[in-house]
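Per-entry structural report
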Amino acid sequence: MGIQVEFNAELALRNISQFKAGDRTEDECLPEKLEAGKTYSFLKSGQRNYWLQGQVPLVETKGNQELSRPLAAVEILEVTHFLLDKQAFTKGKYKVIDVFDSSDSKVHFDRFERLD
């Protein structure tokens, strides 16, 4: 039995509708309105590692690695791993640096590199 750790190049959260339906916690979902300069909390199942020394894309996930285009550029400020009922979780805080216009087709990231 090994140690299962996932390395994430982006912060992927669910649509807020899943919180409103009672399927997810609020921290597992995107905020109703993303605001540049504001700090939000997040929660992910599993033991995850994020890049902490720069900006990463914030995306919406539908599960099974089905991800949207970047919605915003964020800096992950803190990450904590913890156990709940013998299951590993990752929680933390992120600060929104820029919110991207959904009608804009501009590419904002190339892997870890912020392009604009």
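It should be emphasised that the depicted structure is a prediction, and the values quoted were computed from it without experimental measurement.

Per-residue pLDDT for the protein chain has a mean of 90; in total, 89% of the residues score no lower than 70. The element-level mean pLDDT for the protein chain is lowest in strand 8 (residues 109–110), coming to 62, with strand 3 (residues 39–45) highest at 98.

Tallying each qualifying case throughout the model produces 4 aromatic pairs. Aromatic pair phenylalanine 42 and tyrosine 94: ring centres 6.3 Å apart, planes at 50°, arrangement tilted. Here the residue phenylalanine 42 occupies a position in strand 3, and tyrosine 94 occupies one in strand 7 (residues 87–99), the gap between them amounting to 52 residues. Taken as a pair, phenylalanine 42 and tyrosine 94 share a single burial class, namely buried. Members of the aromatic cluster, each reached through a chain of ring pairs, are Tyr40, Phe42, Tyr50 and Tyr94. We note lysine 91 situated over the ring of phenylalanine 82; from NZ or CZ to the ring centre the distance is 5.2 Å.

Oppositely charged side chains can pair when the atoms bearing their charge come close. Following the criterion strictly, the structure yields 3 salt bridges and no others. When the shortest N-O distance is used, the salt bridge between glutamate 6 and arginine 48 registers 3.3 Å. Highlighted residues: glutamate 6 in strand 1 (residues 6–8) and arginine 48 in strand 4 (residues 48–50), separated in sequence by 42 residues. Put simply, lysine 20 and glutamate 32 hold a salt bridge, and the shortest N to O gap is 2.7 Å. Taken as a pair, lysine 20 in helix 1 (residues 16–20) and glutamate 32 in the loop between helix 1 and strand 3 lie far apart in primary sequence, 12 residues in all. The pair lysine 20 / glutamate 32 is uniform in exposure class, with both members exposed.

Ranked by internal contacts, the top residues of the largest apolar core, which has 14 residues, are Leu11, Leu13, Phe42, Leu58, Val74, Tyr94 and Val96. When residues of this core are traced back to their parent elements, those giving at least two are strand 2 (11–13), strand 3, strand 5 (55–60), strand 6 (72–84) and strand 7. In terms of residue count, strand 6 provides more of this core than any other element does, 3 residues in total.

Here we come to unusual backbone geometry. We note that aspartate 85 has phi near 50°; this positive angle belongs to a residue other than glycine. You can see aspartate 85 is positioned in the loop between strand 6 and strand 7. We note that lysine 86 has phi near 65°; this positive angle belongs to a residue other than glycine. Its place among the elements puts lysine 86 in the loop between strand 6 and strand 7.

Topologically, lysine 62 is positioned in the loop between strand 5 and strand 6. Looking at lysine 62, the relative accessible area reads 58%, which means it is exposed. With 49 residues separating them in the primary sequence, lysine 62 and leucine 13 have C-alpha atoms 8.4 Å apart.

Conventions used here
- Residues numbered from 1 in each chain as written.
- Predicted model: local features only at pLDDT ≥ 70, side-chain atom pairs only at ≥ 80, totals over all residues.
- Heavy atoms only, no water.
- pLDDT = per-residue confidence, 0-100.
- Helix = DSSP H or I, 4+ residues; strand = E, 2+ residues; numbered from the N terminus.
- Phe/Tyr/Trp six-rings, centres within 6.5 Å; stacked < 30°, edge-to-face > 60°.
- Buried < 20%, exposed > 50% of the residue type's maximum accessible area, 1.4 Å probe, protein only.
- Lys NZ or Arg CZ within 6 Å of the ring centre and 35° of its normal.
- Salt bridge = Lys/Arg side-chain N within 4 Å of Asp/Glu carboxyl O.
- Core = buried A, V, L, I, M, F, W, Y, C linked by side-chain atoms within 4.5 Å.

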